[in-house]
Amino acid sequence: MRVIIKPDYDTVSKWVANYVVYRINKFRPTAERPFVLGMPTGGTPIGMYKELINLYKNRKVSFENVATFNMDEYIGLAPTDPQSYHYFMEENFFKHVNIKPHNIHMLNGLTKDYEKECLSYERAIRKLGGVQLFIGGVGEDGHIAFNEPFSSLTSRTRVKTLTESTRQANARFFGHDINKVPSTVLTIGVGTIMDSAEVMIMITGKHKAEALRHAVEGNISHVWTISALQMHPQGVIICDEEAASKLSPETVAYFKDNEKNNF
């Protein structure tokens with residue numbers, strides 16, 4: 001596992017955006033062979049999306065031959081609902097770049113057949129040859145996507161019930177009213193994420209420090225689903241100094257020294 005520690009949120013956002021552009025351009029995608037990118041929502045990736053839009057406008061990258069898969073969606077919210085992840089992605093990224101609509105893949109929160117929707121999502125990923133780079137965030141309790149504590153580390157795309165702590169954390173997007181936060185979601189599984197060629201998790205802020213400590217220094221456990229990244233051959237954590245504040249000084253020194261000459 002790589003752990004890249006940057007000074008602050010803005011530096012993390014710029015680094016990740018530039019890395020995404022580097023990976024896309026290195027892949028040289030075509031219409032027949034698109035670069036498959038996994039994408040997150042929430043507060044953490046907003047800075048990255050702003051940087052990606054700027055890089056696109058400055059002609060550093062094209063998304064014409066990029067296919068995307070998002071991590072999750074609330075059950076019961078229409079794509080036009082301002083709190084849906086469809087809406088989030090459209091407003092914060094898709095409408096600002098040249099991605100083709102048929103290359104955008106998102107789970108349908110209004111589906112009446114959850115099992116069929118989830119199986120179709122898994123098949124769509126496999127049909128495109130798998131995800132090349134999956135970008136994600138993490139919850140304070142260490143969940144990735146909506147794989148809450150005690151989720152199977154081999155789980156696939158499925159329906160998941162959210163914990164009260166996750167709903168409380170997300171209430172800020174719903175006018176700070178937890179009663180407006182849906183209690184169930186469709187989410188890709190930990191196993192789905194781990195199938196990706198490379199997984200990069202963004203972790204910023206002191207409130208995520210405990211999750212980062214478990215991810216890097218803790219045991220692999222379904223209690224902290226982020227810890228599954230330890231088993232990935234191309235797992236990367238990009239974090240800021242605040243998030244790294246609970247790592248041991250020896251761990252911080254090791255990774256800073258290890259990364260000083262890397263991208």
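Computed from a predicted structure; not experimentally measured.

Asker: Which parts of the structure should I look at to understand the pattern of salt bridges?
Answerer: Pairs can form between side chains of opposite charge whenever their charged atoms are close. Taken as a whole, this structure holds ten salt bridges when the rule is applied. The salt bridge partner of Glu241 is Lys256, with a shortest N-O separation of 2.7 Å. Here Lys256 lies in helix H8 (residues 249–259) and Glu241 lies in the loop between strand S10 (235–240) and H8, a separation of 15 residues in the sequence. According to the relative accessible area criterion, Glu241 is partly exposed, its value standing at 35%. In this structure Lys256 comes out as partly exposed when scored by relative accessible area, which is 37%. Between Lys260 and Asp257 there is a salt bridge whose closest N-O contact spans 3.0 Å. Using a relative accessible area of 58% as the deciding quantity, one classes Lys260 as exposed. On the basis of relative accessible area, Asp257 is assigned to the partly exposed category, the value being 46%. Each of Glu122, Arg156 and Asp195 takes part in a single network of salt bridges with overlapping partners.

Asker: Help me out: how do you make sense of the sheet that holds strand S9 (residues 198–203) in this one?
Answerer: What holds strands together in a sheet is hydrogen bonding between their backbones, with the strands either parallel or antiparallel. Taken in spatial order, the seven strands line up as S1-S10-S9-S6-S2-S3-S5 in an open sheet, and their pairing is parallel. Since the sheet does not close on itself, it has two edges, and those belong to strand S1 (2–6) and strand S5 (104–105), each with one partner. Strand direction decides the pairing type here: S9 and S10, joined by five bridges, are parallel. Paired with Val199 across the two strands is Gly235, which belongs to S10.

Asker: Explain the pairing of strand S8 (residues 184–187) here, please?
Answerer: Note that strand S4 (residues 72–74) and S8 share three bridges and pair antiparallel. Bridge pairing links Asp72 to Thr187 in S8. Relative to S8, strand S7 (residues 158–161) runs antiparallel, the two being bridged by four bridges. From the neighbouring strand, Arg158 faces S8, where its bridge partner is Thr187.

Asker: Quick question: what am I supposed to make of the nonpolar core here?
Answerer: Side chains that are nonpolar tend, in soluble globular proteins, to be buried together. Judged by nonpolar contacts, the single largest core of 44 residues is most densely connected at Val16, Leu52, Phe63, Tyr74, Phe93, Ile135 and Met200. Those elements giving two or more residues to this core turn out to be helix H1 (9–27), strand S2 (35–39), helix H2 (46–57), helix H3 (85–92), strand S6 (133–136), S9 and S10. At nine residues, the largest contribution of residues to this core is made by H1.

Asker: Explanation requested: H2 in the structure shown.
Answerer: Helical geometry note: an α-helix holds 3.6 residues per turn, so side chains three or four residues apart project in the same direction. The end-to-end C-alpha distance of H2 is 17 Å, a good match for the 16 Å that twelve residues give at a rise of 1.5 Å each. Looking one or two places after H2, you find Arg59, whose phi comes out positive at around 60 degrees.

Asker: What's the story with the pairing of S2 in this structure? I'm lost.
Answerer: Side-chain direction in a regular strand flips from residue to residue, so the side chains alternate between the two faces of the sheet. Where burial is concerned, most of S2 is hidden: five out of the five residues are buried. Across five bridges, the pairing between S2 and strand S3 (residues 66–70) is parallel. Residue pairing across strands places Met39 opposite Asn70, the latter belonging to S3. With respect to chirality, the unit in which S2 leads through H2 into the neighbouring parallel S3 is right-handed.

Asker: Hey, could you run me through the side chain of Glu148 in this one?
Answerer: Its place among the elements puts Glu148 in the loop between S6 and S7. Within the buried core, Glu148 has no salt-bridge partner, and the shortest N-O distance to an opposite charge, that of Lys160, equals 6.7 Å. Here the side chain of Glu148 touches Thr163 through a polar contact of 2.8 Å, landing on its backbone nitrogen. Apart from the residues lying within four places of it in its own chain, the contact partners of Glu148 are Asp141, His143, Lys160, Thr161, Leu162, Thr163, Thr166, His222 and Thr225.

Rules and cut-offs
- Residues numbered from 1 in each chain as written.
- Predicted model: local features only at pLDDT ≥ 70, side-chain atom pairs only at ≥ 80, totals over all residues.
- Heavy atoms only, no water.
- Salt bridge = Lys/Arg side-chain N within 4 Å of Asp/Glu carboxyl O.
- Helix = DSSP H or I, 4+ residues; strand = E, 2+ residues; numbered from the N terminus.
- Buried < 20%, exposed > 50% of the residue type's maximum accessible area, 1.4 Å probe, protein only.
- Pairing = 2+ DSSP bridges.
- Core = buried A, V, L, I, M, F, W, Y, C linked by side-chain atoms within 4.5 Å.
- Expected span 1.5 Å × (residues − 1).
- Right-handed = clockwise from strand over helix to strand, strands pointing away.
- Lys, Arg positive; Asp, Glu negative; His and termini not counted.
- Polar contact = N/O pair within 3.5 Å; in protein donor to acceptor, adjacent residues only side chain to side chain.
- Contact = heavy atoms within 4.5 Å.

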